Amino acid sequence: MSSTSANAVEHAPSPSPGAARALLRRYLDGDEVAHVITLVFAASIILITSLLVYQLWLNSAASRHAFGWHFWISQTWDPVFEHFGALPFIYGTMVTSAVSLVIALPLGLAAAIFLSELAPRNISDTISFLIDLLAAVPSVIYGLLGIFVVVPLMRTTIGPALKGAFGFLHIFSGPNYGVGFLTAGIVLAIMIVPFIISVSREVLLTVPREQREAAMGLGATRWEATWKVVVPWARTGIMGSVFLALARAVGETMAVTMVIGNDPKITASLFAPGYTIAAVIANEFTEATGSLYLSALIELGLVLFLITFILNGLARLLILATERGGGHPV
Amino acid sequence: MMRIRLIWRKSLNVVMLTLTGVAAFAVVSVLFMILGYLIYNGGKSLNWAFFTQLPKPVGETGGGMANAIVGSMKLLVLAALMGLPVGLIAGVYLAEFGGRTFAFIVRYTTDLLNGVPSIVMGIFAYSLVVLPMKHFSTWAGGVALGIMVIPITLRATEEFLHSVPNSLREGAMALGASKWKTIATVILPAAKGGIITGMLLSLARVAGETAPLLFTAFGNQFWSPGFNQPIASLPVMIYTYAIAPYEDWHRQAWAAGLVLLGLVLLANVGTRLALSRGGGSRSV
Amino acid sequence: MASAAQGSDATAARLSPKVDKVEVSDHSAAASKKEAPVRFQISNLNFFYGAKQAVFDVNLSIPAKKVTALIGPSGCGKSTFLRTLNRMNELIRHSRVVGDIRLDGQDILQMDVVALRRRVGMVFQRPNPFPKSIYDNVAYGLRINGYKGRLDDLVEHSLRRAALWEEVKDYLHKSAFALSGGQQQRLCIARALAVDPEVLLLDEPCSALDPVTTAKIEELMFHLKDSCTMAIVTHNMQQAARASDFTAFMLDGKLIEHSETSKLFTTPHDPRTEAYITGRFG
């Protein structure tokens with residue numbers, strides 16, 4: 001370390017050689033190198049994702065060429081005669097997701113309202129933390145509880161109760177073995193409810209206090225203020241949470257596979273066994289004999305990818321819209 | 001008339017608000033129910049043999065899941081080695097270097113990757129690794145899990161690097177530190193608590209994943225030396241045993257479930273607690 | 001390190017926080033009698049944030065081993081100007097410097113910026129110690145500049161120069177955040193001094209601190225003068241009057257007046273200067 005000189009020394013006014021050497025040192029020193037290295041790693045993510053889509057497209061080619069658009073509407077799933085159609089699985093995925101939403105949305109929204117409007121902050125934070133832990137539970141463990149707890153419950157208690165009360169409806173007709181669309185829907189509902197709660201709660205907390213105060217100042221009850229003013233304000237974000245949860249439900253594999261009954265049929269009854277896209281891939285991928293079979297399964301994977309891509313995209317748009325624009329006018 | 005309407009509104013108020021509380025507690029109680037069932041059913045099947053023995057052949061009782069426990073660990077190590085550096089360094093890029101459009105594309109793609117169903121990730125790893133190798137392997141499982149680790153790690157890295165106040169960057173640069181030195185010696189250490197938490201959480205998440213392993217790592221009755229062979233893992237064992245018709249296997253599935261959930265919850269709770277307590281004032 | 005200044009009793013009285021009148025430095029009068037060598041020579045400096053110009057054609061010289069104060073109302077460009085001297089403004093996107101800035105005759109815009117910042121250090125408005133130990137904070141600049149020597153001695157030396165050694169010598173490995181605000185700022189001064197800069201730039205270093213700490217820092221500036229040229233931006237005129245040898249008054253990005261502190265505060269040339277220092281605006 002040179003010590004400071006006592007007098008200012010007049011240097012020659014052209015420092016170019018020094019500057020060039022300094023420039024070179026900077027390049028070697030690492031800022032540019034660091035920039036390039038980090039950029040390469042960031043770009044690799046784009047590469048991986050593109051490769052994923054490409055592989056899905058490539059490996060489903062045989063099936064796409066054999067069946068074309070017919071794949072989406074055909075109900076046949078026949079590995080022996082190699083006729084494959086996606087409709088039963090799309091149906092099963094849609095039905096289980098719909099059932100799960102029907103259960104999870106009211107439950108989740110109600111819980112979110114409790115956590116954002118009623119509970120004191122520290123209780124709300126603790127409960128939110130616990131609910132977040134639910135989201136961390138692995139899918140296969142939900143499946144485990146599904147098989148050994150929900151399925152027997154469905155067979156002995158829930159099923160008969162629903163049949164007794166609503167047996168005249170098509171959706172509750174038919175024999176009840178415990179596995180099926182309804183059971184899968186219930187298990188899925190528990191799995192997606194934490195997402196609805198956590199996103200909705202956050203969105204509800206951002207609703208300005210003045211909104212609530214205005215409603216209550218007009219003589220509304222707490223509930224009326226919440227339901228008629230606060231929740232509509234957060235409407236877009238809550239919708240976003242629904243799409244997010246839906247995207248999760250659609251892609252859920254293990255828990256569903258373990259309780260859905262694995263039957264590629266389209267039935268109206270919720271008690272009937274069914275099949276989802278994720279479940280059939282999980283069950284039959286390693287058994288697939290013949291490349292057309294495998295290709296059909298991979299095409300199903302492509303379908304699943306597209307569905308989740310769209311749902312996640314919508315979810316992100318909606319959540320982004322709430323962050324930007326505040327609320328919609330009621 | 002108004003009086004009756006008012007009573008109705010007030011009662012509705014109480015009923016609905018109570019229902020919301022019931023909903024919240026119902027959801028929370030599910031968590032405790034899950035824990036309860038696992039502890040009860042898994043606890044009584046958990047013994048020393050579970051941790052030390054290999055699975056017995058079909059039909060015989062007893063045995064354990066030692067190979068699955070080790071298998072899960074090997075897969076996690078692979079996933080960590082492959083995915084954590086990518087997430088970390090890409091996160092550094094986004095937080096410290098990124099240009100507007102490219103960074104946006106990277107973030108969007110990462111979110112996309114995060115939303116890919118895990119079974120599709122399994123298909124991807126299958127086509128990348130299993131097809132060329134012509135057999136299942138630990139590598140394939142590691143690749144599938146490794147890719148899944150990237151988005152969570154990246155988001156945590158970016159978020160916590162951003163949270164480091166600019167005054168620290170200025171202080172370091174005013175002393176003559178170049179940009180990368182500032183990042184390496186001041187900013188990353190300052191953010192390291194949150195980043196490590198993100199990494200641990202991402203590992204905890206993939207540790208419980210089953211679907212991506214079904215046709216990559218596949219499964220193994222025995223030990224799996226090296227990385228070229230199929231390998232057992234806890235989640236896949238749980239699945240296989242749970243759907244089988246053997247009572248003894250169900251017992252073991254519960255035990256495995258308890259172990260898996262225990263580890264996952266421990267990681268989640270532990271890291272979150274450490275993060276909230278650590279704050280920013282500890283020396284790095 | 002105490003300089004043998006004339007009238008050190010007057011100095012002590014001057015720096016006492018109990019003083020409530022504006023008292024004027026009587027140092028520079030003696031020093032300016034001889035031709036003082038200049039550390040920084042700034043000519044025709046213009047600075048732009050994107051399309052908006054913040055500094056207009058400033059010509060200023062900063063003499064060696066003296067304290068030059070920059071005063072002016074908020075937003076007059078004094079901080080912006082200061083930050084061009086160690087090219088910190090380059091951290092801001094779309095910023096542009098036009099003009100000539102020479103450190104000891106060398107154009108700083110052509111210099112390696114890392115080398116420049118080793119020679120020209122900066123202390124910021126709010127203390128910004130790193131989340132490291134006290135020792136590691138002071139040693140940081142030394143380590144990254146590749147200094148291989150007895151770090152312990154240099155750390156102690158810097159802490160002494162910053163008048164912090166006695167207070168922290170037994171706690172060098174505690175976190176910097178365990179210190180009070182005033183101590184943290186002195187730590188930042190020690191950190192900046194550790195690399196032995198020729199010039200120290202101080203950007204309103206006392207604005208977040210209490211009067212007692214402010215007095216301590218002004219006192220240490222006085223002792224540092226002999227080894228380190230200083231330029232300090234301050235919105236506190238009394239501080240400028242107390243602690244500096246030369247003062248420059250800026251307004252709306254332009255340099256209005258620059259002279260010895262005693263002259264500027266007693267007989268300013270420009271009416272705007274007079275209006276500012278008598279408190280008619282600012």
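Residues numbered from 1 in each chain as written. Chains lettered and ligands numbered in written order. Predicted model: local features only at pLDDT ≥ 70, side-chain atom pairs only at ≥ 80, totals over all residues.

Draft legend 1. Fine view of the overall build of chain C. When helices and strands are counted, chain C shows twelve helices and ten strands. Out of the 282 residues in chain C, the part that is buried amounts to 51%. Across chain C, every contact between residues at least 6 apart in sequence was considered, and the portion connecting residues at least 24 apart equals 71%. (Helix = DSSP H or I, 4+ residues; strand = E, 2+ residues; numbered from the N terminus. Buried ≥ 20, exposed ≤ 12 C-beta atoms within 10 Å, placed from the backbone. Contact = placed C-beta atoms within 7 Å.)

Draft legend 2. Examining the sheet that holds strand S1 (residues 38-49) of chain C more closely. All names here are of chain C. With respect to topology, four strands assemble into an open sheet ordered S2-S1-S4-S5, the strand pairing being antiparallel. Taken across any chain shown, the strands that pair with only one partner, and hence form the sheet edges, are strand S2 (52-63) and strand S5 (106-107). For S1 and strand S4 (residues 95-103), the ladder comprises eight bridges, and the chain directions are antiparallel. Considered in S4, the bridge of Phe47 is made with Val97. (Pairing = 2+ DSSP bridges.)

Draft legend 3. Main features of the interface of chain C and chain B. Taken together, the contacts link 24 residues of chain C with 19 residues of chain B. Those elements that provide at least two residues to the side of chain C that touches chain B are helix H4 (113-119), strand S6 (120-123), helix H5 (134-144) and helix H8 (181-194) of chain C. Of the residues contributing to the side of chain C that touches chain B, the split by class is twelve nonpolar, seven polar and five charged. (Nonpolar A, V, L, I, M, F, W, Y, C, P; charged D, E, K, R; others polar.)

Draft legend 4. Geometry of the confidence of the model for chain C. Residues of chain C with pLDDT of at least 70 account for 87%, and the chain-wide mean is 84. Note that residues 1-34 of chain C has pLDDT below 50 and, in this model, 50 contacts with residues that lie over four places away or in other chains. (pLDDT = per-residue confidence, 0-100.)

Draft legend 5. View of the confidence of the model for chain B. Overall, the predicted model of chain B reaches an average pLDDT of 91, with 98% of residues at or above 70. Segment residues 279-284 of chain B is flagged for pLDDT under 50; beyond a separation of four residues in sequence, or across chains, it makes 13 contacts in the model.

Draft legend 6. Summary view of the pairing of S4(C). Residue and element names in this part refer to chain C. With two bridges connecting them, S4 and S5 associate as antiparallel partners. Its bridge partner being in S5, Leu103 is matched across the sheet by Gln106. Between S4 and S5, which pair antiparallel and follow one another directly, the connecting turn spans two residues, one of which, Asp104, has a positive phi of 50°.

Draft legend 7. View of unusual backbone geometry. Phi at B:Phe218 takes a positive value of approximately 70°, unusual for a residue other than glycine. On the secondary structure map, B:Phe218 appears in the loop between helix H8 (179-207) and helix H9 (234-243). Its 22 C-beta neighbours within 10 Å are what place B:Phe218 among the buried residues. Of note in the backbone geometry, C:Asn44 takes a positive phi value of approximately 50° without being a glycine. Tracing the backbone shows C:Asn44 in strand S1. The class for C:Asn44 is exposed, based on 12 C-beta atoms found within 10 Å.

Draft legend 8. Local environment of the sheet that holds S6(C). Residue and element names in this part refer to chain C. Here six strands make up an open sheet; going across it, the order is S6-S7-S8-S3-S9-S10 and the pairing mixed. A strand with exactly one partner marks an edge of an open sheet, and here the two such strands are S6 and strand S10 (254-260). On average, adjacent strands in this sheet sit at an angle of 15° to one another, irrespective of strand direction. One ladder, built from five bridges, connects strand S7 (residues 199-203) with strand S8 (residues 229-233); its direction is parallel. When the bridges of S8 are listed, Leu201 appears paired with Ala231. Each of S6 and S7 touches H8; the most contacted strand, S6, lies at about 170° to it. (Axes fitted to C-alpha atoms, helices over the stretch in contact; angles between N-to-C directions.)

Draft legend 9. Representation of the interface of chain B and chain A in the model. Chain B puts 65 residues into the contact, and the matching count from chain A is 67 residues. Broken down by element, the residue count for the side of chain B that touches chain A peaks at 17 residues, all from helix H1 (residues 2-43) of chain B. By residue class, the composition of the side of chain B that touches chain A is 47 nonpolar, 13 polar and five charged.

Draft legend 10. Representation of helix H7 (residues 166-174) of chain B. Among all positions in H7(B), only B:Arg169, B:Gly171, B:Ala172, B:Met173 and B:Ala174 are buried. Buried positions along H7(B) lie against H8 of chain B together with H4 and S6 of chain C. Taken from the residues just after H7(B), B:Gly176 is the one with a positive phi, measuring 100°.

Draft legend 11. Inspection of the environment of B:Ser72 at higher detail. All names here are of chain B. With respect to the secondary-structure elements, Ser72 resides in helix H3 (residues 66-97). For the pair Ser72 and Ile150, spaced 78 residues apart in the sequence, the C-alpha separation amounts to 18 Å. Setting aside residues up to four positions removed in sequence, Ser72 forms contacts with Ala207, Ser233 and Leu234.

Draft legend 12. Spatial organisation of the packing of helix H2 (residues 31-59) of chain A against helix H5 (residues 118-133) of chain B. It is at 10 Å that the axes of H2(A) and H5(B) come closest, and there the two elements cross at 80°. Taken together, H2(A) and H5(B) sit at an angle that is classed as roughly perpendicular. Within the contact between the two elements, H2(A) uses A:Leu52, A:Gln55, A:Leu56 and A:Asn59 and H5(B) uses B:Ile123, B:Phe124, B:Ser127 and B:Leu128. A class-by-class count of the residues in the contact of H2(A) with H5(B) yields five nonpolar, three polar and no charged. (Parallel < 35°, antiparallel > 145°, perpendicular 65-115°, else oblique.)

Draft legend 13. Representation of the packing of H5(B) against helix H6 (residues 138-162) of chain B within the structure. Residue and element names in this part refer to chain B. Close contact between H5 and H6 brings their axes to 9 Å; oriented N to C, the two are set at 135°. Classified by the angle between their axes, H5 and H6 sit oblique to one another. In the packing of H5 onto H6, the handedness of the crossing is right-handed. Facing Ser118, Met121, Gly122, Ala125, Tyr126, Leu128, Val129 and Val130 of H5, the residues of H6 in contact are Trp139, Ala140, Val143, Ala144, Ile147 and Met148. Tallied by class, the residues present in the contact of H5 with H6 amount to twelve nonpolar, two polar and no charged. (Left-handed = near helix turned anticlockwise from the far one by under 90°.)

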